[in-house]
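Analysis of the macromolecular model
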Amino acid sequence: MARNYDVVIIGAGPGGYTAAFKATQFGLSVALIEAKKIGGTCVNRGCIPTKALLHASDMFHMMQNCDAFGVSTDFIAFDFGKMQKYKKQAVAKYREGIEAGFERLDVDIIHGTARLRRDRTVEVELAEGGREFLQGNAVILATGAVPIMNNIPGADLPGVWNSDRLLAAESWNFDRLTIMGGGVIAVEFATMFNNLCSQVTIVEKQKHLMAPMDDVMSVELEKELRRKGIKVYCDATVTEILEEEGSLSCIITPNDGSGPVKTRAGQILMAIGRRPDVSRLLGKDISLDMKDGKIAVDSDFETSEPGVYAIGDVAARTQLAHVAAAQGTYVVEKIAGRPHSIKLEVVPNGMFVSLPIVPNCIYTDPEIATVGITEEIAKKYGLKVRCGHFSMRDNGKSIITGEEHGFIRLLFEAYSNTIVGAQMMCPRATDMIGEIATAIANGLTAQEMSFAMRAQPTYNEGIGAAIEDAMRQNPV
Ligand code: FAD
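Before going into details, it helps to say that this report is about the structure given with it.

Quick notes on the rules
- Residues numbered from 1 in each chain as written.
- Predicted model: local features only at pLDDT ≥ 70, side-chain atom pairs only at ≥ 80, totals over all residues.
- Heavy atoms only, no water.
- 1 Å grid on protein atoms, 1.4 Å probe; cavity = no way out; pocket = protein on both sides within 12 Å on 5 of 7 lines; lining within 4 Å.
- Points joined across faces, edges and corners; volume = space filled by probe spheres on them.
- Helix = DSSP H or I, 4+ residues; strand = E, 2+ residues; numbered from the N terminus.
- Phe/Tyr/Trp six-rings, centres within 6.5 Å; stacked < 30°, edge-to-face > 60°.
- Buried < 20%, exposed > 50% of the residue type's maximum accessible area, 1.4 Å probe, protein only.
- Core = buried A, V, L, I, M, F, W, Y, C linked by side-chain atoms within 4.5 Å.
- Contact = heavy atoms within 4.5 Å.

Computed from the structure, the second largest pocket encloses a volume of approximately 1,100 Å³. Along the wall of the second largest pocket there are 30 residues; nearest its centre are D58, H61, M62, D365 and E403. Here the element with the most residues in the lining of the second largest pocket is helix 3 (residues 47-64); it accounts for six residues.

What follows is the structure, given as structure tokens:
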């Protein structure tokens, strides 16, 4: 006999736990099933632990360069074990905050592995042993994704890591690190280990890092990483990993057909993407339509099975925690028959182009953040734009902190001067992009964005300067 709920949610990452909170606030009965730890990838193996270690490694890096600010210290060192302990504490504190929220609300948390069966029934293999059946008026699949491991020769050698395992490494053995892949996870790990004085090499098979980010940003990023001493091979693939005299080497084969190069690899991180794992999610009596390896959904995130929804990394084109959370909110509002409190994209007044309002953040040094569209995409749509550019060389706060590399670029639709996009590479870009996402979501114009003052000295003043620059430019 199945227990009945308004909503049964599988997976307690940002997608699942946000959906559970929202549904409970709307008075719906909710069961949330999680096989591992509450918080999912983001809290336990993703956003929070990486940013904690990035923060710690950045402190070490800053201390090595503090003499220029009149601060000196005789001895600078890091203790990787202690850094990991601090990271674990940050993760646990964040997770406990979520768990405390569930205690206050009336959500049934079920620890176990769930399988979707027909008629919106969910079979749970309980962590404590035994089996239970639940039935939801709606079921939300929020089971996330797992790291892709490539099966080139040598991929199974000890010393080849994925991000889950590397984040949990207890001791330091990373004087040299080769990273396969040049996406966001790769460049953030490269930054972290470079801060800790590792010799880092990145090998990316696309022509530039961070594809599909626009070329202007990726070329700037590559320059910055190289300036810091990180070796970057683009348009090349690691085709073999070898163990020689107790250490790893790898063969890097350029895509242009020129000869392969053998390099000392040290430890190797495979960061070549993440794929949804639905192998054990579906019972024999049900199948769901798939698209490009992900669960296919319609514009309301409903799968091919009526009443079954899929959100976050298991279905989304963009694998980000805030996208999973926003989709969770959207779906629960749909199930509860409530108006939507969140927009996933907007078509500003008088325009025919749908603008994505998902901020994309990369926690490199300097940080990178983008939202909306680029000049290249505007051109593709035939949209005339004004582009404003501000170099952080001329920003007071950047001069004070010695972080003068970087820029802010803003795009406005040329006739209405409505903001349509931003690309930033500068300190605190990941915090400042929120202002632009809000402006795009509300269709603000350059004039409206300029009404309020920006405090001096702040990095934020760069946004004001980029708006002024855009208004001086001719449309392109
Ligand atoms: P997940 O967070 O993956 O949660 C899915 C949950 O479902 C897991 O807890 C899993 O155990 C559970 N589950 C799976 N199958 C079952 C089952 N059958 N039964 C029960 N439970 C099940 N995103 C950002 O926005 N910002 C960042 O800075 C960022 N940094 C990242 C760094 C790294 C190293 C990684 C790997 C990812 C990062 N991400 C970041 C991506 C982000 O973590 C994901 O986009 C986000 O966690 C997706 O949320 P989700 O709810 O879809 O799935």
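Next comes the rest of the write-up.
With that settled, consider the packing of aromatic side chains. Taken as a whole and assessed by the stated rule, the structure comprises 12 aromatic pairs. When the centroid spacing of 5.4 Å and the interplanar angle of 55 degrees are considered together, the rings of W161 and F174 count as tilted. One end of the pair, W161, is in strand 7 (residues 160-161); the other, F174, is in the loop between helix 5 (163-167) and strand 8 (176-180), and 13 residues separate them in sequence. Judged by its relative accessible area of 0%, F174 is buried. On the basis of an interplanar angle of 20 degrees and a centroid distance of 5.8 Å, the ring pair of W172 and F193 is categorised as stacked. Of the two residues, W172 sits in the loop between helix 5 and strand 8 while F193 sits in helix 6 (residues 184-195), which places them 21 residues apart along the sequence. Classification of F193 by relative accessible area gives buried; the value is 1%. One aromatic cluster in this structure is built from F60, F78, F80, W161, W172, F174, F189 and F193.

It is worth spelling out the nonpolar core at this point. Ranked by size, the top nonpolar core spans 39 residues in total, and within it I408, L410, M424 and I436 carry the most contacts. Of all elements in the fold, only strand 22 (368-372), strand 23 (385-391), strand 24 (407-413), strand 25 (419-425), helix 11 (429-441), helix 12 (446-450) and helix 13 (461-472) reach the threshold of two or more residues within this core. When near neighbours in sequence (up to four residues on either side) are disregarded, M424 contacts M217, E367, I368, A369, F407, I408, A429, M432, I433, I436 and I463. With 37 residues, the next largest nonpolar core counts A56, L167, A169 and V232 among its residues.

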